[in-house]
Amino acid sequence: MSDLKRQLEGCHLTTAEILYHRPDHPSLLQHYIWQDYDMAPKFPILTWFLTFWQNNLEGRLHSVTVASSALIQPAEFRMADLAIRIH
């Protein structure tokens, strides 16, 4: 499915910063950036990915920070409060 079609269906570009414990040194944390189109607020694709991570990868998850942004949205317009002329 194309990215535009996914956006028109309600998906937003979602970024997750995943902190996980290194398998060889559990006291050290490493981060991984994941990005895909997903539907807020349940994030089914991210949830699937995190479940896959927990079941198949050795690095135990520490924390996940999620940010989501709508790329297709109405334009924002704001009137100026002040106009100054300098010659």
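Here the structure is a predicted model, which is why all the values come from computation and not from measurement. (Residues numbered from 1 in each chain as written. Predicted model: local features only at pLDDT ≥ 70, side-chain atom pairs only at ≥ 80, totals over all residues. Heavy atoms only, no water.)

(A) A look at the pattern of salt bridges. Summed over all chains, the structure comprises 2 salt bridges. For Arg22, the salt bridge goes to Asp24, with nearest N and O atoms at 3.1 Å. Overall, Arg22 belongs to the partly exposed group, its relative accessible area being 28%. (Salt bridge = Lys/Arg side-chain N within 4 Å of Asp/Glu carboxyl O. Buried < 20%, exposed > 50% of the residue type's maximum accessible area, 1.4 Å probe, protein only.)

(B) Inspection of helix H2 (residues 44-56) at higher detail. For H2, which comprises 13 residues, the first-to-last C-alpha distance of 18 Å matches the rise-based estimate of 18 Å (1.5 Å per residue) to within 8%. Among the residues making up H2, those that are buried are Leu46, Phe49, Leu50 and Trp53. Buried positions in H2, seen along its axis, are confined to an arc of 95° and lie on one side of it. Of the exposed residues in H2, those oriented more than 90 degrees away from the buried face are Trp48 and Asn55. (Helix = DSSP H or I, 4+ residues; strand = E, 2+ residues; numbered from the N terminus. Expected span 1.5 Å × (residues − 1). Arc of directions from axis to C-beta.)

(C) Representation of the packing of aromatic side chains in the model. Inspection of every chain in the model, using the stated rule, returns 6 aromatic pairs. Note on Tyr20 and Trp53: the rings are 5.0 Å apart at their centroids and 65° apart in plane angle, and the pair reads as edge-to-face. Of this pair, Tyr20 sits in strand E1 (residues 12-21) while Trp53 sits in helix H2, placing them 33 residues apart in sequence. Note on Trp53: relative accessible area 6%, which makes it buried. When the ring of Trp34 is compared with that of Phe49, the centres are 6.0 Å apart and the planes differ by 25°; the resulting orientation is stacked. Taken together, the residues span a long stretch of sequence, with Trp34 in strand E2 (residues 29-38) and Phe49 in helix H2 at a distance of 15 residues. Under the relative-accessibility criterion, Phe49 is labelled buried at 15%. (Phe/Tyr/Trp six-rings, centres within 6.5 Å; stacked < 30°, edge-to-face > 60°.)

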